[in-house]
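Summary of structural features
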Amino acid sequence: MNYISFILYLLFNISFFLHLPARVPFLGVIRFDLLLIVIVFLTLLVAKKNRTNEREVNNSTSIILIILICYIIISIPFVEWPGSVLKKNSLNFIKVIIFYYYTILLIDTERKLKAYMAIFLICQSLRVFEPLYLHITEGYWGDKASMMAGEEFMSRLAGAPSDVINPNGLAFVIVSIIPFFYYLGSISLRNGIIYFLPLPAFIYALILTASRSGFLALIAILSGIVIKSQRKVIVIGIIVMGGLIAFASLTADQRDRYASVYDENTKNYGTSQGRTQGIIEDLKIALNKPLVGHGLGTSPEARFHSIGSSLLSHNLYTEIMLELGLIGLIIFLLFMRSIIVNFYAALKKIKENPMDNAYLFNIAHAMQIWFAMNLLFSFASYGLSTYAWYLFGGLSVVIKKLADEKTTQNRNRNEVGTHKPRNLLYR
């Protein structure tokens, strides 16, 4: 029954990431994603999970997440728009929060972790390749950015028509999978062929998104890879060569957009400055409900009623302040801290026998890089009610658990190998 639950969870991931209900209308009518969530839950009840996995729910990360959920529920009567929380926003939050709990309950072996990561990376790669293919074959872009106060426009690559992500969302998908492709490709020659080949296409798609936050996130990823690498000169050389090729392929407008991060004399500087202004506006609005916030998922409403704009906050931390207040922000920061602790503890264990734990060793490094990148990306993107933090929070618990088990197994094996049997003649 556990394997059935796991397979259904994989199916939910495929449906969720590839937006199958949007592609197949019938699946949308029957609320296919929600139906799978319920079925997995029922199979878990029937399976009656063993005590080991039940104890996993009691780790520090899980406890903090439970506190966050309880706080959201308890604060509903005190927020600005409790009706919006109950009617619209709670269901979406449930859909992403299950990534944490289903991950820690269902991924209990390295084999399952490999299967899950394969599905995750395949789905995310398809989300990149589909719009890129449409762009090359049909001239598809999906979005555009204004320049010179709306006097000019620049085309930007967004998610495919059946996807829901804008250019920054597509950039996030790309920078999220690059660390995994790099580190998994470093395990063996076969892996290198499989995982390194798509990287140029990912970088090209990232360029087409013209995402400044994605560009900064890529720099953070490459910096992390260089810092961790034992062959820094070779890695830096490859990065510099790739950077020169990428720079040569940029159009004038794309160069202008990336330069607008620091140059006031660019056509895109106005939208870059607007991000900073947006953060200031969010903080001012958050002060209307500084402790408990306006309610889960209500940042667009709060912004609309205050400044007439219903755009989502482009900053995770001000988004949380708007929706959950200072108390909620503190709890979420503790949740993020617990993920850091899990990855640090896992790597410390794995490094005791890195050759025996090659997959865990590389996947843990990739997740550390991802985490550092996402800390930076969160200053330019929302994320409280998106899957990423909860999925990787769950994976941090899983990797720590598997690292502990591997270390214990290696220690027991070494003790058995060095143990000298007694001479029975002297008993």
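What you are looking at is a predicted structure, and each value in this text was computed from that prediction instead of being measured.

The next point concerns the overall build of the protein. Within the protein, the secondary structure is distributed over 19 helices and two strands. By residue count, 49% of the 427 residues in the protein fall in the buried class. Nonlocal contacts in the protein, meaning residues at least 24 apart in sequence, comprise 74% of its contacts between residues at least 6 apart. As displayed, the protein has an accessible area near 21200 Å², and 66% of this comes from carbon and sulfur atoms.

So, about the side chain of Asp 282. With respect to the helices, strands and loops of the structure, Asp 282 is situated in helix H15 (residues 269-286). Residues contacting Asp 282, with those up to four places away along its chain left out, are Arg 303, Ser 313, Thr 318 and Leu 322.

Now for helix H4 (residues 32-47). Here H4 contains 16 residues, and its C-alpha end-to-end distance of 22 Å stays within 8% of the 22 Å for a straight helix at 1.5 Å per residue. Buried within H4 we find Phe 32, Asp 33, Leu 36, Ile 37, Val 40, Thr 43 and Leu 44. The buried residues of H4 occupy an angular sector of 145° when projected down its axis, which confines them to one face. Looking at H4, the residues exposed on the side facing more than 90 degrees away from the buried face are Leu 45 and Val 46. The secondary structure elements touched by the buried residues of H4 are helix H1 (2-18), helix H2 (20-23), helix H3 (25-29) and helix H7 (82-106).

Turning next to unusual backbone geometry. Even without a glycine there, the phi angle at Arg 31 is positive, about 50°. Among the secondary structure elements, Arg 31 is positioned in the loop between H3 and H4. By relative accessible area, which is 46% here, Arg 31 ends up partly exposed. Here the phi dihedral of Ala 210 falls at roughly 50°; this positive angle occurs in a residue that is not glycine. Relative to the elements of secondary structure, Ala 210 occurs in the loop between helix H11 (199-209) and helix H12 (212-228). Residue classification places Ala 210 among the buried positions, given a relative accessible area of 0%.

Moving on, we get to the side chain of Ser 15. Tracing the chain through its elements places Ser 15 in helix H1. The exposure class of Ser 15 is buried, given its relative accessible area of 0%. Discounting residues that sit within four places of it in the chain, Ser 15 has contacts with Leu 20, Pro 21, Phe 32, Asp 33 and Leu 36.

Right, let's talk about the pattern of salt bridges for a bit. By the definition in use, this model includes seven salt bridges. With a shortest N-O distance of 2.7 Å, Arg 23 and Glu 130 are connected by a salt bridge. Linking Arg 23 in helix H2 with Glu 130 in helix H8 (residues 110-138), this pair joins segments that are 107 residues apart in sequence. Residue Arg 23 is classed as partly exposed on the basis of its relative accessible area, which comes to 34%. For Glu 130, a relative accessible area of 26% puts it in the partly exposed group. Note that Lys 112 and Asp 108 form a salt bridge whose closest N and O atoms lie 3.2 Å from each other. Residues joined by salt bridges that share partners form a network here, namely Glu 110, Lys 114 and Lys 406.

Following the criterion strictly, the structure yields 32 aromatic pairs and no others. When the centroid spacing of 6.3 Å and the interplanar angle of 85° are considered together, the rings of Phe 332 and Trp 389 count as edge-to-face. Residue Phe 332 is found in helix H17 (residues 316-350), and its partner Trp 389 is found in helix H19 (residues 388-418); the two are separated by 57 residues along the sequence. Given the relative accessible area of 0%, Phe 332 is considered buried. For Trp 389, a relative accessible area of 2% corresponds to the buried category. Its end group placed over the ring of Phe 153, Lys 144 keeps NZ or CZ at 4.7 Å from the ring centre. Over the face of the ring belonging to Phe 247 we find Arg 255, whose NZ or CZ atom lies 4.4 Å from the ring centre.

Attention now moves to the packing of helix H6 (residues 60-74) against H7. At a minimum axis distance of 12 Å, the contact between H6 and H7 shows a crossing angle of 160°. In this view, H6 runs roughly antiparallel relative to H7, as classed from their interaxial angle. Of the two possible hands of crossing, H6 and H7 adopt the one that is left-handed. Taken together, the residues of H7 that come into contact with H6 (itself represented by Thr 61, Ser 62, Leu 65, Ile 66, Ile 69 and Ile 72) are Phe 93, Ile 97, Tyr 100, Tyr 101 and Ile 104. For the contact of H6 with H7, the residue count by class is nine nonpolar, two polar and no charged.

Moving on, we get to the nonpolar core. Core analysis: the largest hydrophobic core is formed by 115 residues, its most contacted members being Tyr 116, Met 117, Phe 120, Phe 332, Tyr 387, Tyr 390 and Leu 391. The leading source of residues in this core is H17, at 16 residues. Leaving out residues up to four positions away in the same chain, Leu 391 has contacts with Tyr 9, Phe 17, Phe 99, Thr 103, Tyr 116 and Phe 120.

Definitions and cut-offs
Residues numbered from 1 in each chain as written. Predicted model: local features only at pLDDT ≥ 70, side-chain atom pairs only at ≥ 80, totals over all residues. Heavy atoms only, no water. Helix = DSSP H or I, 4+ residues; strand = E, 2+ residues; numbered from the N terminus. Buried < 20%, exposed > 50% of the residue type's maximum accessible area, 1.4 Å probe, protein only. Contact = heavy atoms within 4.5 Å. Areas by Shrake-Rupley, 256 points an atom, 1.4 Å probe, with all protein chains shown as cover. Expected span 1.5 Å × (residues − 1). Arc of directions from axis to C-beta. Salt bridge = Lys/Arg side-chain N within 4 Å of Asp/Glu carboxyl O. Phe/Tyr/Trp six-rings, centres within 6.5 Å; stacked < 30°, edge-to-face > 60°. Lys NZ or Arg CZ within 6 Å of the ring centre and 35° of its normal. Axes fitted to C-alpha atoms, helices over the stretch in contact; angles between N-to-C directions. Parallel < 35°, antiparallel > 145°, perpendicular 65-115°, else oblique. Left-handed = near helix turned anticlockwise from the far one by under 90°. Nonpolar A, V, L, I, M, F, W, Y, C, P; charged D, E, K, R; others polar. Core = buried A, V, L, I, M, F, W, Y, C linked by side-chain atoms within 4.5 Å.

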